[in-house]
Amino acid sequence: MLPLPYFYIVMRIDIITVLPEMLEGFVNTSILARAQKKGLVEIYVHNLRDYTTDKHRRVDDYPFGGFAGMVMQCQPIDACISALTAERHYDEIIFTSPDGEQFDQPMANSLSLHKNIIILCGHYKGIDYRIREHLITKEVSIGDYVLTGGELAAAVMSDAIVRLIPGVLGDEQSAFNDSFQDNLLAAPVYTRPAEYKGWRVPDILLSGHDAKIKEWEIQQSLERTKRLRPDLLDK
Ligand code: ADE
């Protein structure tokens, strides 16, 4: 591992959920585990039930107005967020919701520059709207579909953010080459053998001619973007 530069800051992500077991496996596996072991990020999963004053550990109640479904109450969410914000400043307090701003690569890039963020996972029919009005600074959706809870959204966002932190990916360049990073899809990649079942790797990649290979890569990126995601070229 490279020595860390003197200005290096450890990013901290606090995830608040009623289903901590759904996230603990995820944040302690693969890239996120490696990033934490390298000391580049700290991820904490908080069980919302640990913050309720209810003796049965309930965190939800019936909605006023007689609507269907259950709503997460203010008290445990406020208690958990207050405990965290009493310790440090948070750049964003995010709520995962299908009606939030659409998560995309530019949002991942900008969130990866923050020092501390909270992600509150929504559940049931929603959360008491006063939390959204008074404590939440950003509402984020991962797509136009409804999930049963915000845990998968928190996992998707954490993964996309953490892999952008310098030093997390083995090859520092690789995050820059991602699809979407410049509104272009990535070029195809191949590995050995050069021929498999008669399927050949493009000759140019075996030529050793760096400038021509770079040109091929750009042209492939453009061609795939035009064919598969022409909307990206309008951005
Ligand atoms: N919770 C439920 N659906 C969601 C979505 N699409 N994005 C973020 N959070 C959600």
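These numbers were taken from a predicted model, which means no experiment stands behind them.

Conventions we followed
- Residues numbered from 1 in each chain as written.
- Predicted model: local features only at pLDDT ≥ 70, side-chain atom pairs only at ≥ 80, totals over all residues.
- Heavy atoms only, no water.
- Pairing = 2+ DSSP bridges.
- Helix = DSSP H or I, 4+ residues; strand = E, 2+ residues; numbered from the N terminus.
- Axes fitted to C-alpha atoms, helices over the stretch in contact; angles between N-to-C directions.
- Contact = heavy atoms within 4.5 Å.
- Disulfide = S-S within 2.5 Å.
- Buried < 20%, exposed > 50% of the residue type's maximum accessible area, 1.4 Å probe, protein only.
- Expected span 1.5 Å × (residues − 1).
- Near = heavy atom within 4 Å.
- Polar contact = N/O pair within 3.5 Å; in protein donor to acceptor, adjacent residues only side chain to side chain.
- Nonpolar A, V, L, I, M, F, W, Y, C, P; charged D, E, K, R; others polar.
- Phe/Tyr/Trp six-rings, centres within 6.5 Å; stacked < 30°, edge-to-face > 60°.

A. Focus on the sheet that holds strand β2 (residues 41–47). The strand order β2-β1-β6-β5-β8 describes an open sheet built from 5 strands, whose pairing is parallel. This sheet does not close on itself; its edge strands, each paired only once, are β2 and β8 (138–141). Within the sheet, the average angular offset between the axes of one strand and its neighbour, ignoring direction, is 30°. By the bridge criterion, 7 bridges tie strand β1 (residues 11–17) to β2 in an arrangement that is parallel. Bridging across to β2, D14 finds its partner in Y44. Packed on one face of the sheet, helix α3 (residues 74–85) meets β1, β2, β5 (92–102) and β6 (116–121) and runs near 165° to β1.

B. Inspection of the sheet that holds strand β7 (residues 126–127) at higher detail. Taken in spatial order, the 3 strands line up as β3-β4-β7 in an open sheet, and their pairing is mixed. At either end of the open sheet lies a strand with only one pairing partner, and these are β3 (60–61) and β7.

C. Structural context of the state of the cysteines. Under the criterion given, the structure shown has 0 disulfides. For the unlinked cysteine C80, the closest cysteine sulfur is that of C121, found at 11 Å. What makes C80 buried here is its relative accessible area of 0%. Residue C121 is classed as buried on the basis of its relative accessible area, which comes to 1%.

D. Local environment of unusual backbone geometry. Here the amide bond leading from R192 into P193 is cis, since omega sits at 5°, within 30 degrees of zero. Structurally, P193 can be placed in the loop between α6 (151–162) and β9 (195–196). Residues other than glycine seldom take positive phi values, yet S30 does so here, at roughly 55°. Along the polypeptide, S30 turns up in helix α2 (residues 30–37). S30 sits in the exposed class, given a relative accessible area of 55%. In this structure, N183 takes a positive phi of about 60° despite not being glycine. Along the chain, N183 falls in the loop between α6 and β9.

E. Main features of α6. Between its terminal C-alpha atoms α6 stretches 16 Å, which fits the 16 Å expected from 12 residues at 1.5 Å a residue. Here α6 lies mainly inside the structure; 9 of its 12 residues are buried. Here α6 has its buried residues at E151, A153, A154, A155, M157, S158, A160, I161 and V162.

F. Molecular detail of the site of the ligand. Every residue close to the ligand is listed here: T96, S97, P98, V140, S141, I142, G143, Y145, V146, L147, G149 and A153. In the model, a nitrogen atom of the ligand is placed 3.0 Å from a nitrogen or oxygen of the I142 main chain. Separating a nitrogen atom of the ligand from a backbone N or O atom of L147 is a distance of 2.9 Å. Put simply, the parts of the chain that give the shell around the ligand at least two residues each are β5 and β8. The element contributing the most residues to the shell around the ligand is β5, with 3 residues. Grouping the amino acids of the shell around the ligand by side-chain chemistry returns 7 nonpolar, 5 polar and no charged.

G. Up close: the packing of aromatic side chains. With the rule as written, the count across this model stands at 1 aromatic pair. For the ring pair Y196 and W199, a centre distance of 5.5 Å and an interplane angle of 65° mean the geometry is edge-to-face. Classification of Y196 by relative accessible area gives partly exposed; the value is 46%.

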